[in-house]
Structure formats: structure tokens, C-alpha cells
Amino acid sequence: MKIGIGSDHAAFAMKEEIRAYLEEKGYEVTDYGTYSAARCDYPVYGEKVALAVRSGEVDRGVLICGTGVGISLAANKVRGIRAAVCSEPYTAAMARRHNNAQIIAFGARVVGIDTAKMIVDAFLQAEFEGGRHAERVALISGIEERESQEQDPRFFR
Ligand code: RB5
């Protein structure tokens, strides 16, 4: 399985550790940055990983910022992407099993490295269950499709 990973400066050190952890486990990992602890902007890396997932360049994404919130919000703006932010492994597994999330996100200022590894393991090992969950995920896609047609500028605040 190919994994795309990305972070901002707040999570650079954790991203490096998680990348090494995944490589040790035999995953092929592409690092989309950031490549240093210099201050940067999380939407850049959220978008890069989300586009790589959508294009099929990688199978799954791992995104880390201070809280996991900003970088997941950015990734979720890429059509077809479902990025789930979580701080424990149960939610990470359920994000695959019920929500068919392709990207997991978490916060380097929220979880420690051991929990981060458990989150990533749970996410990568779980599979989408389909069935009624597929119908619900299709409803999410329907919202996205309708919103992409929305032209009223009042909605773009
Ligand atoms: C950076 O200071 C911080 O705002 C960012 O890493 C993230 O937590 C945003 O959601």
C-alpha cells in the first residue's frame, strides 16, 4: 500500500517519526512536506496529499498539524476526499469501516507519538464495510456535488 504523508511545521517532528515508522512496516511512503520546522501553512500540505490520494498516486493519506483540524479541513476541500481528524484509534478504524475515509488526520499538539502510531495502524488496517455505509457516503458525495454547482457568493465567506 502506498501512503502519502504531510504536515505543517507544528507537526514536522512527528511527521518524520511516523514516516520512518511506516517505512519500517514496509509501506511505500511519499513525503509531501513540509521538510523543515520553518513556519509554513497547513492548507498547502493538506491539498498536496489530498490531490495525491485522489489521483491514485497514493492509496491513503496521513496528515498532521498542531490539532489535525486545519489540515483536514483543507484536504476535505478537494472533491471526493474524506479526511477524518481523530485523537484515538477507535475513531480512526471507524473512519475507514463506516465513512470510507481515505485520509487520517491528527494533531501533534494533541496526541503523543505512541497514540499517533496506534491511530495510523488502526486506520491502515481497517477496511470499508460498504452496504448501508456506502449509501451514506454517497449522500455525502451528493452534498459535495450540489455544493459544487452553488454560485451564490453569499455562501463563500
Ligand atoms: C499552527 O500554529 C497551527 O495553527 C496548525 O498547526 C493547526 O493546528 C491548525 O489547525
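What counts, and at which threshold
Residues numbered from 1 in each chain as written. Predicted model: local features only at pLDDT ≥ 70, side-chain atom pairs only at ≥ 80, totals over all residues. Heavy atoms only, no water. Near = heavy atom within 4 Å. Polar contact = N/O pair within 3.5 Å; in protein donor to acceptor, adjacent residues only side chain to side chain. Areas by Shrake-Rupley, 256 points an atom, 1.4 Å probe, with all protein chains shown as cover. Nonpolar A, V, L, I, M, F, W, Y, C, P; charged D, E, K, R; others polar. Pairing = 2+ DSSP bridges. Helix = DSSP H or I, 4+ residues; strand = E, 2+ residues; numbered from the N terminus. Axes fitted to C-alpha atoms, helices over the stretch in contact; angles between N-to-C directions. Salt bridge = Lys/Arg side-chain N within 4 Å of Asp/Glu carboxyl O. Buried < 20%, exposed > 50% of the residue type's maximum accessible area, 1.4 Å probe, protein only. Expected span 1.5 Å × (residues − 1). Arc of directions from axis to C-beta. Contact = heavy atoms within 4.5 Å.

**Student:** Which residues make up the site of the ligand, and what values go with them?
**Tutor:** Around the ligand, the surrounding shell consists of Asp 8, Ala 10, Tyr 42, Cys 65, Gly 66, Thr 67, Gly 70 and Arg 109. The contact in question runs from an oxygen atom of the ligand to an N or O atom on the backbone of Gly 66, over 2.7 Å. At 3.3 Å from an oxygen atom of the ligand is found a side-chain nitrogen or oxygen belonging to Arg 109. Coverage of the ligand by the protein amounts to 72% of the 290 Å² it exposes when considered alone. Its residues assigned to classes, the shell around the ligand comprises three nonpolar, three polar and two charged.

**Student:** Quick rundown of the sheet that holds strand S2 (residues 28-31)? Include the residues and the values.
**Tutor:** Ordered by their spatial adjacency, five strands build an open sheet running S2-S1-S3-S5-S4, and the pairing between neighbours is parallel. With one partner strand each, in any of the chains shown, S2 and strand S4 (83-85) form the two edges of the open sheet. Each neighbouring strand pair of the sheet contributes to a mean axis angle of 20°, computed without reference to strand direction. Note that strand S1 (residues 2-7) and strand S3 (residues 60-65) share five bridges and pair parallel. Paired with Gly 6 across the two strands is Leu 63, which belongs to S3.

**Student:** Give a description of the pattern of salt bridges that names residues and reports values.
**Tutor:** For the structure on display, the rule yields nine salt bridges. In this structure, Arg 19 engages Glu 16 in a salt bridge whose closest nitrogen and oxygen atoms are separated by 2.6 Å. With Arg 19 and Glu 16 both in helix H1 (residues 12-24) and three residues apart, the pair spans about one turn of that helix. Using a relative accessible area of 26% as the deciding quantity, one classes Glu 16 as partly exposed. Shared partners join several salt bridges into a network, and the residues in it are Lys 15, Glu 16, Arg 19 and Asp 31.

**Student:** I'd like a description of unusual backbone geometry, backed by residues and values.
**Tutor:** Glycine aside, residues mostly have negative phi, and peptide bonds are mostly found in the trans state. In this chain, Gly 33 is followed by Thr 34 through a cis amide linkage whose omega measures 0°. A positive phi angle is found at Asn 100, which is not glycine, with a value near 50°. Mapped onto the elements, Asn 100 comes out in the loop between helix H4 (89-97) and strand S5 (103-107).

**Student:** Tell me what's going on with helix H2 (residues 42-55), and back it up with residues and numbers.
**Tutor:** In a regular helix each residue adds 1.5 Å, so 14 residues correspond to 20 Å; H2 covers 20 Å between its end C-alpha atoms and thus fits that length. Three or more residues of H2 are buried, namely Tyr 45, Gly 46, Val 49, Ala 50, Ala 52 and Val 53. The buried residues of H2 all sit within an arc of 160° when viewed along its axis, so they share a single face. Looking at the buried positions of H2, the neighbouring elements they touch are S1, S3, helix H3 (69-75) and S5. One or two steps after H2, the chain reaches Gly 56, where phi turns positive at roughly 90°.

**Student:** Explain helix H5 (residues 113-125) residue by residue, including any values.
**Tutor:** Taking 1.5 Å of rise per residue, 13 residues should cover 18 Å, and H5 covers 18 Å from first to last C-alpha, within 8% of that figure. Among the residues of H5, those classed as buried are Ala 116, Ile 119, Val 120, Asp 121, Ala 122, Phe 123 and Leu 124. On its buried side, H5 packs onto S1, H1, S3, H4 and S5.

Treat this as a map of the structure, not an account of what it does.
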